[in-house]
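# Reading the structure
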Amino acid sequence: MSEDQWNPGSLMEASGAYWKSCTIHTGVKLGIFTLLGGEALTAREIADRIHGNPRGLGILLNALSAMDLLAKNGETFSNPPFALKYLTRESPDYIGHILMHHHHLVSSWERLDEAALAGAPVRHEQKDRGKEEQESFLLGMYNNASLSAPDVADAVDLSGCATLLDLGGGPGTYAIQFCKKNPQLRAWVYDLAGTEPFAVSIIDKHLMGDRVGFVPFDFISHSFSDADRFDAAWLSHILHGESEAQARSVIAKASATLHPGGKLLIHEFILEDTKDSPLFPALFSLNMLAVTDHGRAYSYSELGTMMEQSGLTAIRRIDYGSPKGTAVIEGIKA
């Protein structure tokens, strides 16, 4: 790492970057952007509507304006076009759920020193989620996947497949997009029973109920039946939450459901073999340390070896232009 990149100024800027994160989270949590909608309101008018303190909200609104998240004109505040699109709940492009998921992770990250020393989380994020956190997580995964799913569907060839298993697919975002891209395809999302209402809502929203189904399933503790057979299996961002042994077991389970010549597709934040790059997967490994017992990001070689051990061949990496070190690894069932 060069002297040009790190100096006292850049170190302090990186150290205090959470100030900006927390400002965004607070604006979303209080519903400031949604409340404003297309209006221009003063701090006192906003305070009256949400029963808050004009002084405190005024300071928050000025900070949001300083970050160009709001537009200030005289004493009034309004949404710029991008805020209307991405930060108001009425917008179909709203991404507030994933931002609130990031907010809920803060309590684990602030105790990262304890997790690093113990090699285990101080708070089990998945087990300790309340209803609000669970909704933010599931719909946040929908927010996140919606941004990349069209590019992924363009990069992955499912033209010869009639059936798809979306294992641990949450709200079914990728299954939906794959079916939109491939008219001959039908998909089934296998995930925890508590996920079903969210998945059904998203599937219905996209008018895909006749082609995308949901099956309650725990990919760690449950086993597939002999009747469960697919032309392709999609594992998107589920392995990083598991230990190496569990990840290998999940890959083996999914591979066993494939017809000969079927495709297993793993979508993950992928580390280089040295484990110290790219940056986002390395940081994401810290996130997994903070919130899971054994999860971490894996390298291409590690995932490729697990796939080979499950009888998959012709393993290759499919890059689709993700800025976060995310890619798809494809293997073919012999």
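That block above? That's the structure.
A few points on the structure.

Rules behind the numbers
- Residues numbered from 1 in each chain as written.
- Predicted model: local features only at pLDDT ≥ 70, side-chain atom pairs only at ≥ 80, totals over all residues.
- Heavy atoms only, no water.
- Disulfide = S-S within 2.5 Å.
- Phe/Tyr/Trp six-rings, centres within 6.5 Å; stacked < 30°, edge-to-face > 60°.
- Helix = DSSP H or I, 4+ residues; strand = E, 2+ residues; numbered from the N terminus.
- Buried < 20%, exposed > 50% of the residue type's maximum accessible area, 1.4 Å probe, protein only.
- Pairing = 2+ DSSP bridges.
- Axes fitted to C-alpha atoms, helices over the stretch in contact; angles between N-to-C directions.
- Parallel < 35°, antiparallel > 145°, perpendicular 65-115°, else oblique.
- Left-handed = near helix turned anticlockwise from the far one by under 90°.
- Contact = heavy atoms within 4.5 Å.
- Nonpolar A, V, L, I, M, F, W, Y, C, P; charged D, E, K, R; others polar.

Okay, the state of the cysteines next. Per the counting criterion, the structure on display carries zero disulfides. The cysteine C161 is free of any disulfide, with C179 supplying the nearest cysteine sulfur at 11 Å.

This part covers the packing of aromatic side chains. Enumeration according to the criterion identifies eleven aromatic pairs in this entry. Between Y190 and F217, the aromatic rings sit 5.3 Å apart at their centres with planes inclined by 70°, giving edge-to-face as the arrangement. Separated by 27 residues along the polypeptide, Y190 in strand β5 (residues 186-191) and F217 in the loop between β6 (212-216) and β7 (230-236) bring together distant segments of the chain. What makes F217 buried here is its relative accessible area of 7%. An aromatic cluster is present here, built from W188, Y190, F217, F224 and F230 joined pairwise through their rings.

With eleven of 14 residues buried, strand β8 (residues 258-271) is to be regarded as a mostly interior element. Two strands pair when backbone bridges link them, and β7 and β8 are joined in this way by six bridges, in the parallel orientation. Across the sheet, W234 pairs through a bridge with L265, a residue of β8. Looking at chain direction, β8 and strand β11 (residues 326-333) are connected through seven bridges and run antiparallel. Residue pairing for β11: L264 is matched across the bridge by G331. Judged from the two bridges that link them, β8 and strand β9 (residues 298-299) form a sheet pairing that is parallel. Along β9, the bridge assignment pairs L271 with S299.

Before going further, it helps to spend a moment on the packing of helix α2 (residues 18-29) against helix α5 (residues 54-66). The contact between α2 and α5 brings their axes to 10 Å, and the two run at 120°. As far as their axial angle goes, α5 and α2 are oblique. In this structure, α2 crosses over α5, and the sense of that crossing is left-handed. Here T23, T26 and G27 of α2 lie close against α5, whose contacting residues are L60, A63 and L64. Partitioned by chemical class, the residues of the contact of α2 with α5 number three nonpolar, three polar and no charged.

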